[in-house]
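Structural description and commentary
Residues per chain, in single letters:
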Amino acid sequence: MGTQSLNLNPVTPTAHGSFHLQVSAVIDETADARSLVFNLPADLRGRFAYKPGQFLSFRVPCGGKLLTRCYSMASSPVCDALPKVTVKRVDGGRVSNWMNEVHVGDWLEVLPPAGHFCLNSPNNADEQRPLVLFGGGSGITPVFSILKSALLNSTRPITLVYANRDEASVIFKEELRQLSKAYPERLEVFHQLDSVQGFLSADQVRQLVRHRRAGEYFICGPGPFMDTVETVLLALGEKPEDIHVERFVSPPDLDQLEALDVQARAAAAESVCEALIIELDGQRHEIACVPGDTLLQSCKAAGLDVPSSCEEGFCGACLCQIKEGQALLARNDVLTERELADGWTLACQGRPTGARVHLKFPD
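As a starting point, this report considers the structure included with it. Just so you know, these numbers come straight off a predicted model, no measurement behind them. (Residues numbered from 1 in each chain as written. Predicted model: local features only at pLDDT ≥ 70, side-chain atom pairs only at ≥ 80, totals over all residues. Heavy atoms only, no water.)

**Let's talk about the sheet that holds strand E5 (residues 84-88)**
The condition that has to hold: The pairing criterion for strands is at least two bridges between them, as found by DSSP. Helical segments are the DSSP runs of H or I of at least four residues, strand segments are the runs of E of at least two, and each set is numbered from the N terminus. Fitting a line to C-alpha atoms yields each axis, with helices limited to the stretch in contact; the angle taken between N-to-C directions then spans 0 to 180 degrees.
An order of E4-E3-E6-E1-E2-E5 is seen for the six strands of this open sheet, with the pairing classed as antiparallel. Whereas interior strands pair on both sides, the edge strands pair on one side only; in this sheet they are strand E4 (65-72) and E5. Between one strand and the next, the sheet's axes are offset by a mean angle of 40 degrees, whatever the strand orientation. Relative to E5, strand E2 (residues 33-38) is paired through five bridges, and the arrangement is antiparallel. Across the sheet, alanine 33 pairs through a bridge with lysine 88, a residue of E5.

**Thoughts on the state of the cysteines**
Here is the rule we go by: Defined by distance alone, a disulfide is two cysteine sulfur atoms within 2.5 Å. Burial classes: relative accessible area under 20% of the type maximum marks a residue as buried, over 50% as exposed, and values in between as partly exposed (1.4 Å probe, protein chains only).
Summed over all chains, the structure comprises zero disulfides. No disulfide involves cysteine 299; its sulfur sits 7.5 Å from the nearest other cysteine sulfur, which is in cysteine 320. Unpaired in terms of disulfides, cysteine 318 finds its nearest cysteine sulfur in cysteine 348, a separation of 3.7 Å. Look at cysteine 318 and you get buried, because its relative accessible area is 3%.

**Looking at the sheet that holds strand E10 (residues 216-220)**
This is how it is decided: The contact criterion used throughout is that any non-hydrogen atoms of two residues lie within 4.5 Å.
With parallel pairing, the five strands of this open sheet are ordered in space as E9-E8-E7-E10-E11. Two strands lie at the open edges of the sheet, namely strand E9 (187-193) and strand E11 (243-246), each paired on one side alone. Averaged over all neighbouring strand pairs, the angle between strand axes comes to 10 degrees, with direction disregarded. Note that E10 and E11 share four bridges and pair parallel. Its bridge partner lying in E11, cysteine 220 is registered against glutamate 246. Packed on one face of the sheet, helix H3 (residues 173-182) meets strand E8 (158-164) and E9 and runs near 145 degrees to E9.

**Points about the pairing of E2**
Taken across its six residues, E2 has six buried, putting it largely inside the fold. Of the two faces of E2, the one lined by Ala33, Ser35 and Val37 and the one lined by Arg34, Leu36 and Phe38 are each fully buried. As consecutive antiparallel partners, strand E1 (residues 19-30) and E2 are separated by two residues.

**Quick look at helix H6 (residues 223-235)**
The α-helix advances 3.6 residues per turn, and as a result positions three or four apart in sequence lie on the same side. Using the following cut-off: Multiplying 1.5 Å by the residue count of a helix minus one yields the expected span of that helix.
With 13 residues, H6 extends 18 Å from end C-alpha to end C-alpha; this agrees with the ideal 18 Å at 1.5 Å per step. Residues of H6 that are buried sit in contact with strand E7 (131-136), E8, helix H5 (202-209), E10 and E11. Just past H6, the residue glycine 237 takes up positive phi, approximately 95 degrees.

**Here we look at the pairing of strand E13 (residues 283-287)**
Where strand E12 (residues 275-280) lies against E13, five bridges are found, and the strand directions are antiparallel. Counterpart to isoleucine 278 in the pairing with E13 is histidine 285. Remark: two residues form the turn of the hairpin made by E12 and E13, two consecutive strands paired antiparallel; aspartate 281 in that turn has positive phi of roughly 55 degrees.

**Details of the layout of surface pockets**
The condition that has to hold: Computed over the protein atoms alone on a 1 Å grid, cavities are sets of points where a 1.4 Å probe fits but cannot get out and pockets are open sets with protein on both sides within 12 Å along at least five of seven lines; a residue lines them when it has an atom within 4 Å of a point. Grid points are joined across faces, edges and corners, and a volume is the space filled by probe spheres set on the points.
When its volume is computed, the second largest pocket comes out at roughly 750 Å³. Around the second largest pocket, the lining is made up of 30 residues, and of these Tyr71, Lys88, Val90, Ser138 and Phe248 lie nearest the centre. Only E4, E5, helix H1 (94-99), helix H2 (140-153) and H6 provide two or more residues apiece to the lining of the second largest pocket. Among the elements that line the lining of the second largest pocket, the one with the most residues is E4, at four residues.

**Some details on H2**
Under the 1.5 Å per step criterion, the end-to-end length of H2 is 19 Å for 14 residues, consistent within 8% with the ideal 20 Å. With 12 of 14 residues buried, H2 is to be regarded as a mostly interior element. Turning to H2, its buried residues are Ile140, Thr141, Pro142, Val143, Phe144, Ser145, Ile146, Leu147, Lys148, Ser149, Ala150 and Leu151.

**Brief notes about the environment of proline 83**
Tracing the backbone through its elements, the reader meets proline 83 in the loop between E4 and E5. Judged by its relative accessible area of 4%, proline 83 is buried. It is 9.9 Å that separates the C-alpha atoms of proline 83 and phenylalanine 55, two residues lying 28 residues apart in sequence. Contact partners of proline 83, with chain neighbours within four places excluded, come to Leu36, Val37, Phe38, Leu40, Tyr50, Met73 and Ser75.

**Here's the deal with unusual backbone geometry**
Outside of glycine, negative phi angles account for most residues, and trans bonds account for most peptide bonds. Even without glycine at this site, alanine 214 takes up a positive phi of about 60 degrees. Tracing the backbone shows alanine 214 in the loop between H5 and E10.

Treat this as a map of the structure, not an account of what it does.
Take a look at the structure:
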């Protein structure tokens, strides 16, 4: 299924900024989920360094189109030598079915790690703060990376609530059992099976977190599952900034993206930005802006090496904050309403709509 050996140079990026990585192992996790492990040449280790909870984006040829999909890494940068993604087959899913036919030795086109659903570096103030993880179905993948990393890099108490259809659907079942056995004083794992207890309810969430308040929460899974957990935590008074939610959507096909881009360019072209100010790595730059160009295009034209990856509005690698002025987003599958209200935007999709726009990229 994947590209075969075609004299590829894995350390040379494609025109899309992606790289070709070779599959070194395929692990059947359940009847409909498998993990792919990738070889990583020494020259790419820095480029593919990642934080627990981040994902890789894959460009896959399907039906004459090049489709892009994101899959979280189940591996941990703390204890796993090679990156590993886990893919669950979805009925009618063009890319998930394609990925489930990949073999050892195949080469896949992969974008570097991205995403903000991350466990940050250890902080002494957080050492005894509960870490509460909610995973639903294949949403366990980034949560599992966070769990393994926190066990090895901190002394924090950790609770995992893992919801599945039935016992046969539980991904990483044996690994979770072994971790629970190795860290009995720090790790609690609660399995919620739809076939036994039904769907996770608000009352069950309240019961599960009653002794784990004022923690840090990571939630990934089906939409209704995440909505239930997040709603309960907010109602209990947990701080929004302590609740991390990962929502994946399938981006439009390339032709649809191009149509959206044309519309956005036309809408923004009437606005002339006289001053585009960029704060990057502690330095301030004032650069030119061609009417209709995205913030990212303007930064690249000025020779600024700002963070970016997919350039299609779904990975969040180019996240930045508007300190002054406004920008029109062509599409957004990353930012919440709260983040938008706080001025966050995506450089690859944002176009300045004011005479003066001031952006700051995270340090």
